[in-house]
Amino acid sequence: MEPTFRTIADLFQAPSADGLETPKPLAKKKGETPEESDELGRQSLLEGDCETAIRHFREAVRQRDPSDITSRIHLAGAYDCGDQYPQAMRQYETALRLKKDAAEPHVGASDLLKRYGRFRDSIMRLEEAVRLEPGNAFYHMKLAQTLRAAGERKKALQAAQGAVLSKPDEAFYHYWIGDLLLELGRDSEALDSLRAAIELSPGDDFLYVRAAVGFWRLGRQQEAVKAIRLASDLDTSKNLYHGMLEEMLSALGLEEEAALEDERASKMDAYDHELLNRWLAEIGW
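Because the structure is a prediction, the values reported are computed rather than measured.

Undergrad: Teacher, can you tell me more about the overall build of the protein chain here?
TA: If you tally the helices and strands in the protein chain, you get 17 helices and zero strands. Radius of gyration (C-alpha) of the protein chain: 24 Å, far over the 19 Å computed for a compact globule of 285 residues. Dimensions of the protein chain, computed from C-alpha atoms along their principal axes, come out at roughly 70 × 40 × 35 Å. Accessible surface, the protein chain: about 15200 Å² in total, of which carbon and sulfur atoms supply 50%.

Undergrad: Just to check I follow, could you spell out empty space enclosed by the protein for this structure?
TA: Any empty space left between atoms is shown by rolling a water-sized probe over those atoms. Of the pockets and cavities examined, the largest cavity occupies roughly 40 Å³. What lines the largest cavity is V61, R64, D65, P66, D68 and R72. Tallied by class, residues from the lining of the largest cavity come to two nonpolar, no polar and four charged.

Undergrad: I tried to follow the packing of aromatic side chains on my own but got confused; where do I start?
TA: For any pair of aromatic rings, the description rests on two quantities: the centre-to-centre distance and the angle between the ring planes. In the structure shown here, the tally under the stated rule is six aromatic pairs. For the ring pair Y175 and F206, a centre distance of 5.8 Å and an interplane angle of 65 degrees mean the geometry is edge-to-face. Of this pair, Y175 sits in helix α10 (residues 171-183) while F206 is found in helix α12 (residues 205-217), placing the two residues 31 residues apart along the sequence. When its relative accessible area of 39% is taken as the criterion, F206 is described as partly exposed.

Undergrad: What exactly am I supposed to notice about the pattern of salt bridges here?
TA: Opposite charge on two side chains allows them to pair when their charged atoms are near. Summed over the entire model, instances satisfying the criterion amount to 26 salt bridges. Across the pair R115 and D80 runs a salt bridge, and its minimum N-O distance is 2.5 Å. One end of the pair, R115, is in helix α6 (residues 104-115); the other, D80, is in helix α4 (residues 70-81), and 35 residues separate them in sequence. As a salt-bridge pair, R210 and D179 come within 2.9 Å of each other at their nearest N and O atoms. Separated by 31 residues along the polypeptide, R210 in helix α12 and D179 in helix α10 bring together distant segments of the chain.

The rules behind the values
- Residues numbered from 1 in each chain as written.
- Predicted model: local features only at pLDDT ≥ 70, side-chain atom pairs only at ≥ 80, totals over all residues.
- Heavy atoms only, no water.
- Helix = DSSP H or I, 4+ residues; strand = E, 2+ residues; numbered from the N terminus.
- Rg over C-alpha atoms; globule rule 2.2 N^0.38 Å.
- Areas by Shrake-Rupley, 256 points an atom, 1.4 Å probe, with all protein chains shown as cover.
- 1 Å grid on protein atoms, 1.4 Å probe; cavity = no way out; pocket = protein on both sides within 12 Å on 5 of 7 lines; lining within 4 Å.
- Points joined across faces, edges and corners; volume = space filled by probe spheres on them.
- Nonpolar A, V, L, I, M, F, W, Y, C, P; charged D, E, K, R; others polar.
- Phe/Tyr/Trp six-rings, centres within 6.5 Å; stacked < 30°, edge-to-face > 60°.
- Buried < 20%, exposed > 50% of the residue type's maximum accessible area, 1.4 Å probe, protein only.
- Salt bridge = Lys/Arg side-chain N within 4 Å of Asp/Glu carboxyl O.

Everything listed is a geometric property; what it means functionally is a separate question.
In structure tokens form, the structure reads like this:
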């Protein structure tokens, strides 16, 4: 059962997505319209057939008005799928020549540049995409993620805040900011963002695990324990959470309570132990 708003408020001591359907196989081998060709290309990508997808998207480009770059963007993505980097970049650049105010080609080109370690060029492309579509939260977040990967965490925080301003009801954006603030050691601010994420997505057990880091580092050990208990209630299959509880309760001198977690904690596998050690290091052990 998901925690209620009251439970979340108590934790922080404050006052009171659709599934994807399996695509149906398409009988046609060649689209008669650009829309049909695009659909055939998408189907081929889903089947992992990049070469066929390229063929269909090239046909869609031929069928469309040259000023319509929709299929050209798809074609670039198909080339990327087939590890044909120069061809993919060429399509993005052609799209920009045809439509100078289009943001999407910049985003696609940025992904390619980032993959090849060209972070500064990748960031510049995303900054241009944000300039062209300042209300697009996804572009702000892409910029934030790339800045963080490049080690520019403070700029990444600013970009992520732009994503939240554009789409304040997206739990992931609040979580991402909270996680970055934890990385920056700004634990109190991190908890504010993580609380917002939890209120938007109360059934996500991982959010409570991240909040526990901030609580513990701020000396709020009881709230940290409560957060992990809530995470464990949400996903009873994770032995890792019992390992976390055992460690925290032992550190607080609550040996009898810690012993109650031992049976499940002993079932942790090697990966769980690795995650536990990382988490303990994060909270300062």
